[in-house]
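Inside the fold
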Amino acid sequence: MKKHILVIPGDGIGPEVTQWGKAALEHIAATYDHDFTFDEALMGHVAIEATGNPLPDETLEKAKKSDAILFGAVGHAKYDNDPSLKVRPEQGLLKIRKELGLYANLRPILLFDELLHASSIKPAILKGTDILFFRELTGDVYFGEKTRSEDRTTASDLMIYHKYEVERIAHKAYAAARQRRGKLCSVDKANVLESSRLWRETVQEIAKQYPDVETTHMFIDNAAMQLIKDPKQFDVVLTANLFGDILTDEASQIAGSMGMLASASVGDGTGFFEPIHGSAHDITGKDLANPLASILSAALMLEISFGLKEEAKTLVDAVDRVLKEGFRTNDIADSTTNRYKVLGTQEMGKLV
Ligand code: GGG
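As the structure is a computational prediction, the values presented were derived from the model and not from experiment.

**A short note on helix 7 (residues 163-179)**
Residue pairs three or four apart in sequence face the same way in an α-helix, which turns once every 3.6 residues. If you check helix 7, its first and last C-alpha atoms are 25 Å apart, about what 17 residues at 1.5 Å a residue would give, namely 24 Å. Considered for burial, the residues of helix 7 that qualify are Glu165, Val166, Ile169, Ala170, Ala173, Tyr174 and Ala177. The arc that holds every buried residue of helix 7, seen down its axis, measures 145 degrees, which confines them to one face. Opposite the buried face of helix 7, at more than 90 degrees from it, the exposed residues are Tyr164, Ala175 and Gln179.

**A look at the packing of helix 1 (residues 14-32) against helix 11 (residues 292-305)**
The N-to-C vectors of helix 1 and helix 11 enclose an angle of 40 degrees; their axes lie 7 Å apart at closest approach. Between helix 1 and helix 11, the angle falls in the class oblique. Relative to helix 11, helix 1 is oriented so that their crossing is right-handed. Within the contact between the two elements, helix 1 uses Val17, Thr18, Trp20, Gly21, Ala24, Leu25 and Ile28 and helix 11 uses Ala293, Ser294, Ile295, Ser297, Ala298 and Leu302.

**Comments concerning the UniProt feature "site: Important for catalysis" (unreviewed entry) in the protein chain**
The sites that carry the UniProt feature "site: Important for catalysis" (unreviewed entry) are, in the present numbering, Tyr142 and Lys189. Classification of tyrosine 142 by C-beta neighbours within 10 Å gives buried; the count is 20. With sequence-adjacent residues up to four places away left out, tyrosine 142 is seen in contact with Leu94 and Asn241. Along the chain, lysine 189 falls in the loop between strand 8 (183-188) and helix 8 (194-207). Excluding anything up to four places from it in sequence, lysine 189 contacts Ser196, Phe219 and Ile220.

**Remarks on the site of the ligand**
As a structural note, the neighbourhood of the ligand is formed by Ala73, Val74, Gly75, Glu90, Leu93, Asp245, Glu274, Pro275, Ile276, His277 and Gly278. Of all the elements in the fold, those that place two or more residues in the shell around the ligand are helix 5 (89-99) and strand 12 (271-275). Its residues assigned to classes, the shell around the ligand shows 5 nonpolar, 3 polar and 3 charged.

**Topic: the UniProt feature "binding site: substrate" (unreviewed entry) in the protein chain**
UniProt feature "binding site: substrate" (unreviewed entry): in the numbering of this structure it lies at Arg97, Arg107, Arg135 and Asp221. A maximum C-alpha distance of 26.9 Å among these annotated residues, which run over 125 residues, shows that they spread across the structure rather than meeting at one spot. Along the chain, arginine 97 turns up in helix 5. On the basis of neighbour count, arginine 97 is assigned to the buried category, with 20 C-beta atoms found within 10 Å.

**Here we look at the sheet that holds strand 4 (residues 104-109)**
If you trace the 10 strands from one edge of the open sheet to the other, you get 2-1-3-12-11-4-5-10-8-9, paired in mixed fashion. Pairing within the sheet leaves two strands with one partner each, and these edge strands are strand 2 (35-40) and strand 9 (214-219). Each adjacent strand pair in this sheet contributes to an overall mean axis angle of 25 degrees, direction not counted. Judged from the 4 bridges that link them, strand 5 (residues 131-136) and strand 10 (residues 236-239) form a sheet pairing that is parallel. Each bridged residue has a counterpart across the sheet, and for phenylalanine 134 the counterpart in strand 10 is leucine 238. On top of the sheet, helix 1 reaches strand 1 (2-10), strand 2, strand 3 (68-73) and strand 12; it is set at about 150 degrees to strand 3, its chief contact.

**Points about the confidence of the model for the protein chain**
This prediction gives the protein chain a mean pLDDT of 96; 100% of its residues lie at or above 70. Across the assembled chains, the prediction reports ipTM 0.92 with pTM 0.95.

**A look at helix 8**
Taking 1.5 Å as the rise per residue, helix 8 with 14 residues should run 20 Å; its terminal C-alpha atoms sit 20 Å apart, in good agreement. Within the sequence span of helix 8, burial applies to Ser195, Ser196, Trp199, Thr202, Val203 and Ile206. Seen end-on, helix 8 carries its buried residues on one side only, within an arc spanning 125 degrees. As for helix 8, its buried residues are in contact with helix 7, strand 8 and strand 10.

**Points about the pairing of strand 3**
Along strand 3, 6 of the 6 residues are buried, which leaves the element largely enclosed by surrounding structure. Across 5 bridges, strand 1 lies against strand 3 in parallel orientation. Across the sheet, the residue bridging to valine 7 is leucine 70, located in strand 3. Judged from the 3 bridges that link them, strand 3 and strand 12 form a sheet pairing that is parallel. By the bridge assignment for strand 12, isoleucine 69 is matched with phenylalanine 272.

Rules used throughout
Each chain carries its own residue numbering, running from 1 in the direction its sequence is written. At least 70 in pLDDT is required for a residue's local features to be given in this predicted model, at least 80 for side-chain atom pairs to be given and counted, and no such filter applies to totals for whole chains, interfaces and linings, which use all residues. Strands here are runs of E lasting at least two residues and helices are runs of H or I lasting at least four, both read from the DSSP assignment and numbered beginning at the N terminus. Expected span, for any helix, means 1.5 Å times one less than how many residues it has. Residue burial is a threshold on neighbouring C-beta atoms within 10 Å of the residue's own C-beta, all placed from the backbone, with 20 or more meaning buried, 12 or fewer meaning exposed, and counts in between meaning partly exposed. Directions drawn from the helix axis to the C-beta atoms are what define this arc. Here an angle of 0 to 180 degrees is reported between the N-to-C directions of two axes, which are lines fitted to C-alpha atoms, with helices fitted over the stretch in contact. Any angle from 65 to 115 degrees is called roughly perpendicular, while one under 35 is roughly parallel, one over 145 is roughly antiparallel, and all others are oblique. By convention, the crossing between two helices is left-handed when the near helix turns anticlockwise from the far helix through less than a right angle, and right-handed when the turn is clockwise. A pair of residues counts as a contact when their C-beta atoms, built from backbone coordinates, are within 7 Å of each other. UniProt positions are given in the numbering used here, feature names are shortened, and annotations may be inferred rather than shown by experiment. Whether a residue is near a molecule or strand depends on its C-beta atom, generated from backbone atoms, being within 6 Å of that molecule or strand. Charged residues are taken to be Asp, Glu, Lys and Arg, nonpolar residues to be Ala, Val, Leu, Ile, Met, Phe, Trp, Tyr, Cys and Pro, and polar residues to be all remaining types, Gly included. Note on pairing: DSSP must find at least two bridges between two strands before they are called paired. How sure the predictor is of each residue is captured by pLDDT, a score from 0 to 100.

In structure tokens, the structure reads:
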């Protein structure tokens, strides 16, 4: 198979981990005789530094022409400490999602048995958890109008959804639920928010087209609690942009670490694959980052964008084997025991 892949390493630990997602793809190409070609582009803080723009035109053009995109992370502490800065790295990520029509962000909570003890949640509660989150990605407060009063003492972010935005991601989530355990839980805050009432009404309408899927609705506050109390109750979780962002960071603790969770953003155009973690400037350049989420993002690319299921499984199995052999990066090592072999980013990437 011939495919052209754009790699956007981004900021902080992005380049360190993306190097291994790309290496995994190269290894798969060599092993299975595929022809994968690669190009690279800037986004985020590094792009602002080089061009003044978090998403340069050149990056967007390359993205539109590629068959899939492997991305690292965006962000820099400088912007967090100075909220008055108008141009921010995250704007690049939001814009590329919008421009490529990437409205559905799939975040599988893949729980490797070997990591049952890496979580602070009891293994008996976690074992058997298998959740697929559908986070809406191009609406909500992320894209609604933002205001700040002249005296700078009042601010607002518009939480806005259009019916078609809920419909299109709901169809994708229902289609996935059909292929899985046939359960879909839609998460909202319909007791308080009008945009959530539209969300719930729309999901209820779409549900009628999928009578074989069992639909439930849950308020976000309850969902956050249920996720750590009884995660096995969930199969597909469908939710809005902000709620999905928060819930999946919480869910990463089920998988043992933020460093373990991969994601796929899909919609109208080129698929976009990235770890859910951010740029983690506190550990950048220290060989401490976990490259597994990038490798697992490469696996999602193989399966979702290229339909290469066996190749994707090869990568997931490689991660599983390395964990079974007792190798860990710092974030998933249990400091109370010395039975694990703790590796840096480079060694872990090479081993997989
Ligand atoms: N790889 C994910 C990443 O870079 N996250 C940083 C970030 O600011 N994300 C915003 C979002 O996912 O909505």
